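Listed here are the chains, written in short residue letters.
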Amino acid sequence: VKLSKVMAMLGACSRREAEKLIRKGKVSVENQVIKNVATRIFPFGVKVKIGTQEYEPLHSWKWSPRVWIHYKLPQVLVSHFPDGSNRKILFPVLEKMIGPDPDVGHLLSVGRLDYLSEGLLIITNDGSLARHFELPENNYTRKYEMRIHGHLTDSKIRAVKKGVKIDGILYSGVEITILKSSGPNHLV
């Protein structure tokens, strides 16, 4: 099994993040530093170390514990990592709620919600599961409700449905339904 997948199975990080750590020489298997992202290992009974953190070896395909938390994120928390502001971040708050547990490993949110956003997040220590839900090719429908301040015209709605280009990247279109309007304020 690829080392990056084993790292995700351990709940250490996502596969993509694992590959970055491997390239930087931050990962060792049985005390041997690994820098090749294509490295495959037998996943059971092998000690993996990432930086200074050692992970217990997997013992079977029924490793435990796997964590899935459904959390309603309030507007005052940010679901991702520090951005230089003094905003509260989700993961330290969660750790206070559930307490530190070395068996749980690294928690990841599936997707993210920005500041002044609120909604339901799935939080897990299963990097493979998080990545599966986030990949666009898996076609999971995501629904958002948002408030728009400003005039919302038919031409703007058509443009967003068609797709928007930002900084040279074309983002696919989205369906928009106007739920409520009051002057220049819209709930879509």
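Being a predicted model, the structure only gives us computed values, none of them experimental.

A.B. asks: So what exactly am I meant to see when it comes to the sheet that holds strand β4 (residues 53-55) here?
C.D. replies: Picture the strands of a sheet paired through backbone hydrogen bonds; they go either parallel or antiparallel. Strand order in this open sheet of four strands is β2-β1-β3-β4, and the pairing throughout is antiparallel. Edge positions in the sheet fall to β2 (32-34) and β4, since each has one partner strand and no second. Here the strands of the sheet are splayed against their neighbours by 30° on average, with no regard to which way each runs. Strand direction decides the pairing type here: strand β1 (residues 27-29) and strand β3 (residues 48-50), joined by three bridges, are antiparallel. If you follow Val-29 over to β3, its bridge partner there is Val-48.

A.B. asks: It is not clear to me how the nonpolar core should be interpreted in this structure. Could you clarify?
C.D. replies: A general feature of soluble globular proteins is that nonpolar side chains tend to end up buried together. If you look at the biggest cluster of nonpolar residues, it comprises 17 residues, and the most contacted ones within it are Leu-3, Met-7 and Val-48. Listing elements by their share of this core, those giving two or more residues are α1 (3-9), α2 (15-23), β1 and β3. Per-element tally for this core: the top contributor is α1, with three residues. Apart from the residues lying within four places of it in its own chain, the contact partners of Leu-3 are Ile-22, Val-27, Val-29, Ile-34, Thr-39, Arg-40 and Ile-41. Among the nonpolar cores identified, the runner-up in size contains seven residues, and Phe-91, Leu-107, Leu-113 and Ile-123 belong to it.

A.B. asks: What's the story with the side chain of Ser-14 in this structure? I'm lost.
C.D. replies: Considering the arrangement of structural elements, one finds Ser-14 in the loop between α1 and α2. Relative accessible area serves as the criterion here: at 17%, Ser-14 is assigned to the buried category. Beyond its immediate sequence surroundings of up to four residues, Ser-14 is in contact with Leu-108 and Gly-127.

Definitions and cut-offs
- Residues numbered from 1 in each chain as written.
- Predicted model: local features only at pLDDT ≥ 70, side-chain atom pairs only at ≥ 80, totals over all residues.
- Heavy atoms only, no water.
- Pairing = 2+ DSSP bridges.
- Helix = DSSP H or I, 4+ residues; strand = E, 2+ residues; numbered from the N terminus.
- Axes fitted to C-alpha atoms, helices over the stretch in contact; angles between N-to-C directions.
- Core = buried A, V, L, I, M, F, W, Y, C linked by side-chain atoms within 4.5 Å.
- Buried < 20%, exposed > 50% of the residue type's maximum accessible area, 1.4 Å probe, protein only.
- Contact = heavy atoms within 4.5 Å.

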